[in-house]
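A look at the structure
Given next are the chains, with one letter for each unit.
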Amino acid sequence: MRGTLLWIASLMLLGGCATLARRPPPPSAINHTEPVGYTSPVRLVTTDLTGYTEQAPQFLEGIRRAAAGRRVNILALSGGGSSGAFGAGALVGLSEAHERPRFELVTGVSAGAIIAPFAFLGPAWDAGLRATIEDSRRHPPVGSLGWRFTQLILAPLGWFGHDRLSDLIDRHITPAMLGAVARATSKGRRLIIATTDLDSQETVLWDMGAIAAKGGKRALALFRKVIIASASVPGVFPPVVIPVHDGGRQYDELHVDGGVTTPMFIFPLVAGLRPQDLAPLRGADVYVIINGKLASAPDRTPINTVDVISRSISAGITASTRSTVVESQAIARQLGMQLHITQIPPGFPSSADFDFGPRHMRALFAYGERCAAQGLLWMTPTQANMLNMEARPREQRDPAQCPAGGGTVARRSR
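**Notes on the overall build of the chain**
For the chain, the count of helices and strands is 13 helices and ten strands. Scored against the burial criterion, the 414 residues of the chain give a buried share of 55%. Sequence-distant contacts in the chain: of pairs separated by 6 or more residues, those separated by 24 or more amount to 82%. Here the chain displays about 17,400 Å² of accessible surface, and carbon together with sulfur accounts for 56% of that area.

**Brief notes about unusual backbone geometry**
For A68, which is not glycine, the phi torsion reads 55 degrees and is therefore positive. Locating A68 in the fold gives a position in the loop between α2 (49-66) and β3 (73-77). One non-glycine residue with positive phi stands out, namely H98, at about 55 degrees. Among the structural elements, H98 can be located in the loop between α3 (84-96) and β4 (105-109). By relative accessible area, H98 is classed as exposed at 61%.

**Things to note about the packing of helix α4 (residues 111-121) against helix α8 (residues 175-186)**
Contact geometry for α4 and α8: axes closest at 10 Å, N-to-C directions at 55 degrees. Between α4 and α8, the crossing angle belongs to the class labelled oblique. Note that α4 runs across α8; the crossing there is left-handed. Counting all contacts with α4, which are made through P117, F118, F120 and L121, the residues of α8 involved are M177, A180, V181, A184 and T185.

**A look at the state of the cysteines**
Overall, the coordinates contain one disulfide when judged by the stated rule. Note that C371 is cross-linked by a disulfide to C402, the S-S spacing being 2.1 Å. The chirality of the disulfide connecting C371 with C402 is left-handed, given an S-S dihedral of about -85 degrees. Placement of C371 in helix α12 (residues 358-373) and of C402 in the segment after α13 (381-389) is noted, with a sequence separation of 31 residues between them. The pair formed by C371 and C402 is uniform in burial state, with each residue classed as buried.

About the cut-offs
Residues numbered from 1 in each chain as written. Predicted model: local features only at pLDDT ≥ 70, side-chain atom pairs only at ≥ 80, totals over all residues. Heavy atoms only, no water. Helix = DSSP H or I, 4+ residues; strand = E, 2+ residues; numbered from the N terminus. Buried < 20%, exposed > 50% of the residue type's maximum accessible area, 1.4 Å probe, protein only. Contact = heavy atoms within 4.5 Å. Areas by Shrake-Rupley, 256 points an atom, 1.4 Å probe, with all protein chains shown as cover. Axes fitted to C-alpha atoms, helices over the stretch in contact; angles between N-to-C directions. Parallel < 35°, antiparallel > 145°, perpendicular 65-115°, else oblique. Left-handed = near helix turned anticlockwise from the far one by under 90°. Disulfide = S-S within 2.5 Å.

Shown next as structure tokens:
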């Protein structure tokens, strides 16, 4: 992913300059701290077996109850920077085709975290989703390439700042959305967003409905802060400080992009140790939108430091996403779940993850929308693997072909 160039460049330029003023973090990765203002659990560290065991029964039974006797629908949204426009377009296209399920569980990471609340609330919020993508084109969260590197040099501590990203989130994550998420959660549905705790180097899953249920300005502020943290790519945006408490003790946690530790997720990492706990989700339909590519044709790598490191990290991200899909497929097979996957095909001409230019984002959104509306979005894991194995040379690519354009579409009636 060419967007990782920013990450690499920032590391090279920053070196180890100033630090943020903050309180110490909690003394252990697995603890009972909660955000200031909350006393009951609103999040889970993915390796916390005790917390998972305590919270899973009520959480999973609520999802089953919300399905009202039909198959549970789960949606997982990956990160991908500006490529999130693909996932946003796909959701709108599914609505247009009247093929969009009502999802009982929605999870989001990074760019997927911004899309996730709209996906969770359903087609009635498509206008807001479209407006968010349009807004990010008009007011990109990051500036031009020259502006970004100027900021790196002049403001090494703040990187690019959160101003533009915060403004985008504040305009579209509204009090009305907070109330709607809280109401949906009261019926058992769940919206979960991942961040990475830099101090513990663990993935943290936030129950956005539990946050929203508190209501008021504090809940809205935390709801927005979690989304901003999940989308804060290291080196592109500064980390987000989240004050937490454990009784009378207060600490500061430092959170960044959830994609640092998990490219996308369906279940907590610890769920793999206790798959029997997932029995209430047996037979569910699991939909995975990957806002990026899992394969590409070979492209000549210039022999210089930035390109070599950038493409190395890109390879690592791609491999991590593939592994996560395989792990999810294994759990789905144990529980009789149907896994439906979509991604940006190898043949689609793409640019950097942080190319928020109107042409690039408009093309991705329209592509996702068209393919979903035509019923050519979802693939089985086997079809997705075949698509990735057929990455063709650049001159032979067919940018018009949809993800499922070359095979049978895995579809089901709502």
